[in-house]
Amino acid sequence: MMGQQMKQRSGMTGDAGLTVLSISGVLPGGARFSDFLEPVPEDGDRPDRIHDFDPVESLGRKGVKILDRVTCLALVACGEALAQAGLPVPESSTDRFGVVSATTNASLKSVTGYSRATLVEARPYLVNAMLFPNTVMNCAAGQAAIRFGLRGPNATIAGADLAGIQALHYARNLARRGYLDHVMVFGAEEMTNEYRALHAHSRASGARAIEGGVATVLTARPDAAGARLVASAVVTRMVARGESSRDAVMRCLRCAGADDVDLAVSVTPLEQDAASALEATVPAVFDLTERADFLRSGQGLLGLGVAAAMLASREGPRRIALVGQGNGDQFGAVLVEGTEEQWRS
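How each quantity is defined
Residues numbered from 1 in each chain as written. Predicted model: local features only at pLDDT ≥ 70, side-chain atom pairs only at ≥ 80, totals over all residues. Heavy atoms only, no water. Helix = DSSP H or I, 4+ residues; strand = E, 2+ residues; numbered from the N terminus. Rg over C-alpha atoms; globule rule 2.2 N^0.38 Å. Buried < 20%, exposed > 50% of the residue type's maximum accessible area, 1.4 Å probe, protein only. Contact = heavy atoms within 4.5 Å. Pairing = 2+ DSSP bridges. Salt bridge = Lys/Arg side-chain N within 4 Å of Asp/Glu carboxyl O. pLDDT = per-residue confidence, 0-100. Patch = residues over 30% accessible without salt bridge, like charges linked within 9 Å, V, L, I, M, F, W, Y side chains within 5 Å. Areas by Shrake-Rupley, 256 points an atom, 1.4 Å probe, with all protein chains shown as cover. Axes fitted to C-alpha atoms, helices over the stretch in contact; angles between N-to-C directions. Expected span 1.5 Å × (residues − 1).

Visitor: Mind laying out the overall build of the protein, listing which residues take part and the relevant values?
Guide: In terms of helices and strands, the protein carries 13 helices and ten strands. Whereas a compact globule of 345 residues would reach a radius of gyration of roughly 20 Å, the protein reaches 20 Å, a difference of no more than 12%. Taking the principal axes of the C-alpha coordinates as reference, the protein spans close to 60 × 45 × 45 Å. When the 345 residues of the protein are sorted by exposure, 54% land in the buried category. Within the protein, residue pairs in contact and separated by at least 24 positions form 76% of the contacts whose partners lie at least 6 positions apart.

Visitor: Can you explain the pairing of strand 1 (residues 18–26)? Please cite residues and give values.
Guide: With respect to burial, strand 1 is a largely interior element, eight of its nine residues being buried. Both strand 1 and strand 5 (residues 212–219) contribute to a ladder of seven bridges, which runs antiparallel. Paired with serine 24 across the strands is alanine 215, a residue of strand 5.

Visitor: Outline the pattern of salt bridges, listing residues and values.
Guide: Considering all chains together, one arrives at ten salt bridges under this definition. Among the salt bridges present, the one from aspartate 181 reaches arginine 96, with a minimum N-O distance of 3.0 Å. Of this pair, aspartate 181 sits in the loop between helix 7 (163–176) and strand 4 (182–189) while arginine 96 sits in the loop between helix 4 (89–92) and strand 2 (97–103), and the two are 85 residues apart along the sequence. Overall, aspartate 181 belongs to the buried group, its relative accessible area being 12%. Assessed through its relative accessible area of 7%, arginine 96 is described here as buried. A salt bridge links aspartate 329 to arginine 237, with the shortest nitrogen-to-oxygen separation between them at 2.7 Å. Linking aspartate 329 in the loop between strand 9 (319–325) and strand 10 (330–337) with arginine 237 in the loop between strand 6 (228–236) and helix 9 (245–255), this pair joins segments that are 92 residues apart in sequence. Exposure remark for aspartate 329: the relative accessible area of 27% places this residue in the partly exposed category. Here the residues in one salt-bridge network are Asp260, Arg319 and Glu337, joined through shared partners.

Visitor: So what about unusual backbone geometry? Which residues, and what values?
Guide: Even without being glycine, alanine 106 reaches a positive phi, approximately 55°. Mapped onto the fold, alanine 106 is located in the loop between strand 2 and helix 5 (108–120). For arginine 296, which is not glycine, the phi torsion reads 55° and is therefore positive. Along the chain, arginine 296 falls in the loop between helix 11 (288–292) and helix 12 (299–311). By relative accessible area, which is 2% here, arginine 296 ends up buried.

Visitor: Talk me through the confidence of the model for the protein; I want residue IDs and the actual numbers.
Guide: Residues with a pLDDT of 70 or more make up 91% of the protein, whose mean pLDDT is 88. In this model, residues 1–14 is a region of pLDDT below 50 whose contacts with residues beyond four sequence positions or in other chains number 22 contacts.

Visitor: Any details on the environment of glycine 30? Residues and values, ideally.
Guide: For glycine 30, the position within the fold is in the loop between strand 1 and helix 2 (55–59). Classification of glycine 30 as exposed rests on a relative accessible area of 58%. Each C-alpha atom, one on glycine 30 and one on isoleucine 50, is 8.1 Å from the other, the two residues being 20 residues apart in sequence.

Visitor: I'd like a description of the environment of alanine 129, backed by residues and values.
Guide: Mapping alanine 129 onto the fold places it in the loop between helix 5 and helix 6 (139–148). Sequence spacing of alanine 129 and tyrosine 114 is 15 residues, and the spatial spacing of their C-alpha atoms is 9.5 Å.

Visitor: Help me get a handle on a nonpolar patch on the surface, residues and values and all.
Guide: Together, Ile66, Met130 and Leu131 make up an exposed nonpolar region whose accessible area comes to about 250 Å². Position of isoleucine 66 among the secondary structure elements: in the loop between helix 2 and helix 3 (69–85). Overall, isoleucine 66 belongs to the partly exposed group, its relative accessible area being 32%.

Visitor: Tell me about the sheet that holds strand 4, and name the residues and values.
Guide: Where strands meet in a sheet, backbone hydrogen bonds hold them as pairs that are either parallel or antiparallel. Here we have ten strands laid out as an open sheet, ordered 3-2-4-5-1-6-10-9-7-8, and mixed in their pairing. This sheet does not close on itself; its edge strands, each paired only once, are strand 3 (154–158) and strand 8 (285–287). The sheet shows a mean angle of 25° between the axes of neighbouring strands, taken without regard to direction. The pairing of strand 9 with strand 10 spans seven bridges and is antiparallel. Looking across to strand 10, one finds that alanine 321 is bridged to leucine 335. Seen against the sheet, helix 12 touches strand 1, strand 4, strand 5, strand 6, strand 7 (263–266), strand 8, strand 9 and strand 10 and runs at an angle of roughly 165° to strand 9.

Visitor: Mind laying out helix 7, listing which residues take part and the relevant values?
Guide: In a regular helix each residue adds 1.5 Å, so 14 residues correspond to 20 Å; helix 7 covers 20 Å between its end C-alpha atoms and thus fits that length. Of all 14 residues in helix 7, twelve are buried; the element is thus mostly enclosed. Burial in helix 7 covers these residues: Ala163, Gly164, Ile165, Gln166, Ala167, Leu168, His169, Ala171, Arg172, Asn173, Leu174 and Ala175. Just downstream of helix 7 lies glycine 178, where phi reads positive at about 80°.

Right under this line is the structure:
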């Protein structure tokens, strides 16, 4: 009932999907989303870290000193996406502008470092209390809301490899239920020894890990021009019923209405039978991990950026499915479509 009242108050329809107003990436080597459309040269030197990253340059000095690297990466990407979205102040500072963050473990370096400090630092204080917020999963989402004045729903999705797709799915559900008019969705990872160790023991360890941040601003306005998130789904493979990963990924595509797309962007490594099913179902599969390495929790959003770059051309595909598999038995899919309004703008 409350969701229906909020939807009526906003005057926006929940079934129209979310439109991408802007998407920004802070990536190694200053890479742009369109760069990943081309094959990587065999002798190409691809850094896994942003060596010249200076958060003060983009965020200013106030409050930055106590933030960890992953939060700074996220905030810079968010600031760029908000600036590109071009929303007027009355719309950007409202309780109907939400934030959804995708994460793996927030900053694993901050978490483990703070925990160690409680055991080895001198009494009586043991730890720096100002650094405690960096240890919680929703640190970046909270900092983004505070810094940019976004007072709508605020959520953090800790889904590791699948977190980006899960965050887009969650944002779309918020819009469908009338809780927001605009939403910023982002994911970020920092390259540290702790992050490297975690990645080495993950299901996606075969993909090369990188650091960076990707943020997108989406709107529920039906007249907005841009790539549109039409449908999404996240399903869990029913192991007890003998469901294979092949059947699970196909069920996920059907639930998202994405089993008849022009192209599928595989944002995470898939199990072999799931990958084979995808290749047999759609005309073409674009393996993002081969072109753009692996941003883990931000990989789904990186895929959205690449899909938006493809949809910007009239000659490109019209319907694209972002498809991924998590560490467990979860699969996710997001259906993204180009629009006539996008090509006329």
